[in-house]
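Read off the chains here:
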Amino acid sequence: MKRKDFLYLTGMGVSAAMLQGMPGMAKTITPEEALKPIDVALQKKMADVALNAARSKGATYADVRLGRYLNQVISTRETRVQNIVNSESYGMGVRVLANGCWGFAATDRLDNDSIARAAATAVSIAKENARLQSEPVKLAPQKGYGEVSWKTPIEKNAFEVPVKEKVDLLLAANALALKAGANFISNNLFMINEQKYFASTEGSYIDQDVHRIWPTFTITKTNPSAGGFETRNALSAPMGMGYEYLMPSEKEKIQGIFPLYKKRYDLMEDVRIGTAQLDEKLKAKPIEPGKYDLILDPTNLFLTIHESVGHPTELDRVLGYEANFAGTSFLTLDKWQSKKFNFGSNIVNFMGDKVTPGSLGAVGYDDEGVKTKQWDIIKDGVLVDYQATRDQAHILGHTASHGCCYAQNWASVQFQRMPNVNLVPGKVPLKTAELIKNTEKGLYMFGRNSYSIDQQRYNFQFSSQLCYEIRNGKIVGMAKGAAYQANTQEFWNSCSAICDESDFRFGGSFSDGKGEPSQASSVSHGCSTTKFDKVNVISTARRI
């Protein structure tokens, strides 16, 4: 990099302060160092050292995760670069079963002696833990896959794109917003590459290369005369893609009141439209509380799916394992065992998904070597399954894991994490325009905003970035402060229409927290625009 470019890119200094969910013991590296590959043959040798050491100490099962976690964050505000961070974390985690109990240890010292010590430590921990465990761990059967590999099907590695090119894009978007009258804008680009190598005593040696990207911004406009301000966040979704996510094609546009894309994202267009919408938000009147039909765009509905469907169908939460930190679930085992619990209307179908390309949760194999898949969670409105790992499957009478085990890094033990949980699109052709046309009194909502939900994931409240009022089949203008309230069961039973596959899009959480110590994971939720009848809406807007 030329000196003038270096000064241009780092005018506000380089800091790791913006980096979220960073693996322990991360070190700062150059962009060029991030592109140096890891020798797979060497990783196999290191894994075998750990597996052999674990068996020699008495482990009946062992798995090894060698992980190289690369992160790049570029943060800008108005005309300046605030942060550019490149970091790497590389190490090994060893998980074992000994005397019927789990043990885990990790190390970033990857010489043979240190690896063997980590494996021995994991076995010692398992044997000590076994003294306090009443029943042995029961693992669902799992065949070994030999030497296999999987890679996110990217078109352009974001880490190969010059930093200056990415900075120029963010600053150009900032300039566009400021020229259009914005007072403030912060613009960020997050990129992650997980290079993961898994090996087990069952004979799997799995090499995976996982990519994720998330562009996001916040624009602010003030109203000096009234003393208020409004913000508009990006309508982007974090995705399991490369830099091609920021290179949309006109063919991918979704027809609607403003342009959205099915699989990609137009940063400049979102900034342009978002800045103009702030004038509408500043002038918008607070919503009148009452019952409304809701038409929820995927940019809004994904979060409600995450909180009211994704979390309560986590089996460990159902069993109370998360009770002291993140709560429990109203979807108790007796509801599943009845085979008739009415979760939603008969058009509501949810699937667990770890395979759809472009989604955050898509991998070839999970972090305990299980090949990933899709499965039904809610079928025709009825609860039919949960999310389970190898040591949970027997509780449900299953003979195989769902493949949803994950650890945020090599230094953390893997455990059950949410897969993509997707609302299946409608089976008959249906566009958003038809939903609007058939709505007498309603709200059309975009983007995630404030929300709350109780400890059992039952009673909730969600708002949106943008809310348009519908009267007699037409959009009549923007409203502010609308938040919909319901409980999970009544909300999904009010679902009356779902647009077809052509409208299906992903939203997602780039850093979903769970566990104690807490770990972060990335998960998508796909859906099409969906209608809900007569939902209670309150106003959170300040009335002047």
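Notes on the structure in this doc start here. Keep in mind that what you see is a predicted model, and the values were worked out from it rather than measured.

1. So, helix α4 (residues 112-130)
For α4, spanning 19 residues, the distance from its first C-alpha to its last is 27 Å, which sits close to the expected 27 Å at 1.5 Å a residue. Burial in α4 covers these residues: Ser114, Ile115, Ala118, Ala119, Ala120, Ala122, Val123, Ala126 and Ala130. In this structure, the buried side of α4 is in contact with α3 (40-56), β3 (80-98) and β4 (101-107).

2. Describing the nonpolar core
Counting 48 residues, the largest nonpolar core has Leu294, Phe350, Tyr484 and Trp492 as the members making the most contacts within it. Broken down by element, this core gets its largest block of residues, five residues, from helix α7 (residues 298-310).

3. Description of the packing of aromatic side chains
Counted according to the given criterion, the structure contains 22 aromatic pairs. Consider the rings of phenylalanine 190 and phenylalanine 510, whose centres lie 6.2 Å apart with planes at 55 degrees: the pair is tilted. In this pair, phenylalanine 190 sits in strand β6 (residues 184-200) while phenylalanine 510 sits in strand β24 (residues 505-514), placing the two residues 320 residues apart along the sequence. Since its relative accessible area comes to 13%, phenylalanine 510 is described here as buried. For the pair phenylalanine 491 and tryptophan 492, a centre-to-centre distance of 5.2 Å together with 85 degrees between the ring planes defines the contact as edge-to-face. Judged by its relative accessible area of 1%, phenylalanine 491 is buried. When its relative accessible area of 0% is taken as the criterion, tryptophan 492 is described as buried. An aromatic cluster of at least three residues, connected via ring pairs, comprises Phe343, Phe350, Tyr451, Phe460, Phe462, Tyr484, Phe491, Trp492 and Phe532.

4. Some thoughts on the pattern of salt bridges
Summed over the entire model, instances satisfying the criterion amount to 29 salt bridges. The salt bridge partner of lysine 44 is aspartate 48, with a shortest N-O separation of 3.5 Å. Here the residue lysine 44 and the residue aspartate 48 both occupy positions in helix α3, the gap between them amounting to four residues, near one helical turn. Residue classification places lysine 44 among the partly exposed residues on the basis of a relative accessible area of 23%. Ionic contacts of the salt-bridge type, sharing partners, join the residues Glu194, Lys196, Arg212 and Asp367 into one network.

5. Here we look at empty space enclosed by the protein
Throughout the structure, instances matching the rule amount to five cavities of 30 Å³ or more. If you trace the largest cavity, you find 13 residues lining it, with Arg212, Lys354, Gly361, Tyr406 and Ser522 closest to the centre. If you tally residues by element for the lining of the largest cavity, the top one is strand β25 (residues 519-527), at three residues. Its residues assigned to classes, the lining of the largest cavity shows six nonpolar, three polar and four charged.

Criteria and cut-off values
- Residues numbered from 1 in each chain as written.
- Predicted model: local features only at pLDDT ≥ 70, side-chain atom pairs only at ≥ 80, totals over all residues.
- Heavy atoms only, no water.
- Helix = DSSP H or I, 4+ residues; strand = E, 2+ residues; numbered from the N terminus.
- Expected span 1.5 Å × (residues − 1).
- Buried < 20%, exposed > 50% of the residue type's maximum accessible area, 1.4 Å probe, protein only.
- Contact = heavy atoms within 4.5 Å.
- Core = buried A, V, L, I, M, F, W, Y, C linked by side-chain atoms within 4.5 Å.
- Phe/Tyr/Trp six-rings, centres within 6.5 Å; stacked < 30°, edge-to-face > 60°.
- Salt bridge = Lys/Arg side-chain N within 4 Å of Asp/Glu carboxyl O.
- 1 Å grid on protein atoms, 1.4 Å probe; cavity = no way out; pocket = protein on both sides within 12 Å on 5 of 7 lines; lining within 4 Å.
- Points joined across faces, edges and corners; volume = space filled by probe spheres on them.
- Nonpolar A, V, L, I, M, F, W, Y, C, P; charged D, E, K, R; others polar.

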